[in-house]
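Each chain, letter by letter, is given below.
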Amino acid sequence: MPDTPNLVRRTPWPESASRPVGTPIQPSVVYASDSPDALDAQYEGRAEGYTYAREGHPNADVLAAMIDRMEGAEGGLMTGSGMAAVTAVLLGACRAGDHVVGGDQLYGRSLRLLRDDLPRLGIATSLADPTDAEAMAAALRPETRLVLVEVVSNPTLRVADMEGIARLCRDRGVLLAVDNTFTTPRGWQPFAHGADIVIHSVTKLLAGHSDATLGYVAARDPDLRAAIRTLAVTMGFTPSPFDCWLAERGLYSFPLRYDRAEENAARLADHIAGLPGVARVLYPLRPDHPDHNRAAGLLGDRGGNMVSFEIAGGRAAANRLSRAAPQIAFAPTLGDIGTTLSHPASSSHRGLTPEARAALGITEGFFRVSVGVEDIELLRRDFATAIAAAVD
Ligand SMILES: *Cc1c(COP(=O)(O)O)cnc(C)c1O
């Protein structure tokens, strides 16, 4: 019998005088050290290096550094999802007895965290309308530790009074955390406008291809940053190296994708507004948007890639619409390179009563479009066909 080669002993990585141009994927969970002294040096911060992937790995750090540059941040952290980032902020920054104020139209799972989970852990929460800084002020309590808002709400695309809220938080010594997923650092930069913490669902526009689930969080204060990181590492909110690598690859084209999608969105909004049977169109830069003046002041000409619209005819018309546009993925997400269509009444807002939905203006004929980078003529045609089929 010939000797079986000892396959368990790892084969060394081939030497190369040249370096790869693309970022390598590093899936290793563990890292070997020379000695206990060498490990001490690493744990005590005297030597750089990785020890165990839950504590950090190169693919996460490369990606975080890229988003840091876009956000004007330092020491950002990647997490396994956008919700892991939101959770890391709330549990890392708050303790039992604290109070948190959230925007009343936050992302659905963020709302759920504030309504159901934080109170269970002894952290009180309130929701208030972020388009009205006085309503936010009225919700503050002496023990309020943090305010969490999104700049542009889902799916009604209301624009928060970010200047008023930042002033309020500064005056009252409350941390301001901004979920910048919808606006992206290309549309608005929270740190340049008084935020203490920036959060992203990288799953969406930044990664951009609907194939990686990731989050990002950065805090301005180094102590707060360390507290959030420690919480995330302890709770295991770690991202996968492969997802980080995919998102890094996606991020290289983010500015091109975003600019094109945004230009398409502005044109598609105007096109849809002119189609028969359309009751209303929501796009922040359109003059008929309820927050048009604030949007122009805050976002300039960066209206983003999201458009919402409403048709008459209830659920039957909504079914006809999505069926008449099979090329446009009917899927409850946003930020993909291609245009996607979602129907909040049957997805993100299905947990609300019809009355609560009506109060937000979300009827059975309400759709949200995440506009992609397709040829605008193609999009015009698809939506004209789909809306005509729905309202006939
Ligand atoms: C999708 C989303 C999240 C959650 O992100 P996941 O990556 O799905 O966990 C949080 N905030 C906003 C605004 C989102 O759109």
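The rules behind the values
Residues numbered from 1 in each chain as written. Predicted model: local features only at pLDDT ≥ 70, side-chain atom pairs only at ≥ 80, totals over all residues. Heavy atoms only, no water. Pairing = 2+ DSSP bridges. Helix = DSSP H or I, 4+ residues; strand = E, 2+ residues; numbered from the N terminus. Contact = heavy atoms within 4.5 Å. Axes fitted to C-alpha atoms, helices over the stretch in contact; angles between N-to-C directions. Left-handed = near helix turned anticlockwise from the far one by under 90°. Nonpolar A, V, L, I, M, F, W, Y, C, P; charged D, E, K, R; others polar. Disulfide = S-S within 2.5 Å. Buried < 20%, exposed > 50% of the residue type's maximum accessible area, 1.4 Å probe, protein only. Near = heavy atom within 4 Å. Polar contact = N/O pair within 3.5 Å; in protein donor to acceptor, adjacent residues only side chain to side chain. Areas by Shrake-Rupley, 256 points an atom, 1.4 Å probe, with all protein chains shown as cover. 1 Å grid on protein atoms, 1.4 Å probe; cavity = no way out; pocket = protein on both sides within 12 Å on 5 of 7 lines; lining within 4 Å. Sits in = over half its atoms within 2 Å of the grid points. Core = buried A, V, L, I, M, F, W, Y, C linked by side-chain atoms within 4.5 Å. Domains from an automatic or database assignment.

Engineer: Just to check I follow, could you spell out the sheet that holds strand S10 (residues 329–330) for this structure?
Structural biologist: Whether parallel or antiparallel, the strands of a sheet pair through hydrogen bonds between backbone atoms. One open sheet accounts for 5 strands, arranged S8-S9-S12-S11-S10; its pairing is mixed. The sheet is open, and its two edges are formed by strand S8 (278–282) and S10, each paired on a single side. By the bridge criterion, 3 bridges tie strand S11 (residues 340–342) to strand S12 (residues 366–370) in an arrangement that is antiparallel. Residue pairing across strands places Ser342 opposite Arg368, the latter belonging to S12. Contacts from helix H10 (residues 254–273) reach S8, strand S9 (306–311) and S12, with the element oriented near 160 degrees to S8. Running at roughly 25 degrees to S9, helix H14 (residues 376–391) makes contact with S8, S9, S11 and S12 of the sheet.

Engineer: So what exactly am I meant to see when it comes to the environment of Met136 here?
Structural biologist: Relative to the helices and strands, Met136 is located in helix H5 (residues 133–139). Taking the C-alpha atoms as reference, Met136 lies 8.2 Å from Gly103; in sequence the two are 33 residues apart. Apart from residues lying up to four places away in sequence, Met136 is in contact with Val101, Ala128, Asp129, Pro130, Val147, Val149, Ile165 and Leu168.

Engineer: Before we go on, may I ask you to explain the packing of helix H3 (residues 82–93) against helix H8 (residues 222–235) in this structure?
Structural biologist: Viewed as axis vectors pointing N to C, H3 and H8 meet at an angle of 115 degrees, and their least axial separation amounts to 8 Å. In this structure, H3 meets H8 at a crossing whose hand is right-handed. Facing Thr87, Ala88, Val89, Leu91, Gly92 and Ala93 of H3, the residues of H8 in contact are Leu224, Ala227, Ile228, Leu231, Ala232 and Met235. Among the residues forming the contact of H3 with H8, the class breakdown is 10 nonpolar, 2 polar and no charged.

Engineer: What's the story with the sheet that holds strand S1 (residues 77–79) in this structure? I'm lost.
Structural biologist: Across the sheet, 7 strands lie side by side as S1-S7-S6-S5-S4-S2-S3; this open sheet has mixed pairing. Looking at the sheet topology across the chains shown, the edges are occupied by S1 and strand S3 (124–128). Within the sheet, the average angular offset between the axes of one strand and its neighbour, ignoring direction, is 20 degrees. By the bridge criterion, 5 bridges tie strand S2 (residues 99–103) to S3 in an arrangement that is parallel. Bridging from a neighbouring strand, Gly102 pairs with Leu127 of S3. Strands in contact with H8 are S1, strand S4 (144–150), strand S5 (175–179), strand S6 (197–201) and strand S7 (215–219); relative to S7, the strand with the most contacts, it is inclined by about 150 degrees.

Engineer: Just to check I follow, could you spell out the state of the cysteines for this structure?
Structural biologist: Formally, a disulfide is one covalent bond, and it connects the sulfur atom of one cysteine to the sulfur atom of another. If you walk through the whole model with that rule in mind, you get 0 disulfides. Cys94 takes part in no disulfide bond, and the closest cysteine sulfur to it belongs to Cys169, at a distance of 12 Å. Owing to a relative accessible area of 10%, Cys94 belongs among the buried residues under this scheme. A relative accessible area of 2% means that Cys169 is categorised as buried.

Engineer: I tried to follow the site of the ligand on my own but got confused; where do I start?
Structural biologist: Taken together, 13 residues sit near the ligand, with Gly82, Met83, Asp179, Thr203 and Lys204 positioned nearest. In this structure, an oxygen atom belonging to the ligand sits 2.9 Å away from a main-chain N or O atom of Met83. A total of 380 Å² of accessible area belongs to the ligand in isolation, and the protein chains cover 92% of it. When each cavity is represented as a set of grid points, the ligand is found to reside in the largest pocket. Across the shell around the ligand, the residue classes tally to 5 nonpolar, 5 polar and 3 charged.

Engineer: For this particular structure, what's the right way to read the nonpolar core?
Structural biologist: If you look at the biggest cluster of nonpolar residues, it comprises 54 residues, and the most contacted ones within it are Met78, Val147, Leu176 and Val202. Structurally, this core is a two-domain feature, drawing no fewer than three residues from each of domain 1 (56–252) and domain 2 (254–391). Those residues in contact with Val147 that lie beyond four places of it in its chain are Val101, Met136, Leu140, Ile165, Cys169, Val174, Leu175, Leu176 and Ala177.

Engineer: Before we go on, may I ask you to explain the packing of helix H2 (residues 58–71) against helix H9 (residues 241–252) in this structure?
Structural biologist: The relative placement of two packed helices is expressed as an angle between their axes plus a distance between the axes. Contact geometry of H2 with H9 gives a least axis separation of 8 Å together with a crossing angle of 35 degrees. In the crossing of H2 with H9, the sense of the turn from one axis to the other is left-handed. Between H2 and H9, the residues in contact are Asn59, Ala60, Val62, Leu63, Met66, Ile67 and Met70 and Pro241, Cys244, Trp245, Ala247, Glu248, Leu251 and Tyr252, respectively. For the contact of H2 with H9, the class distribution of residues is 12 nonpolar, 1 polar and 1 charged.

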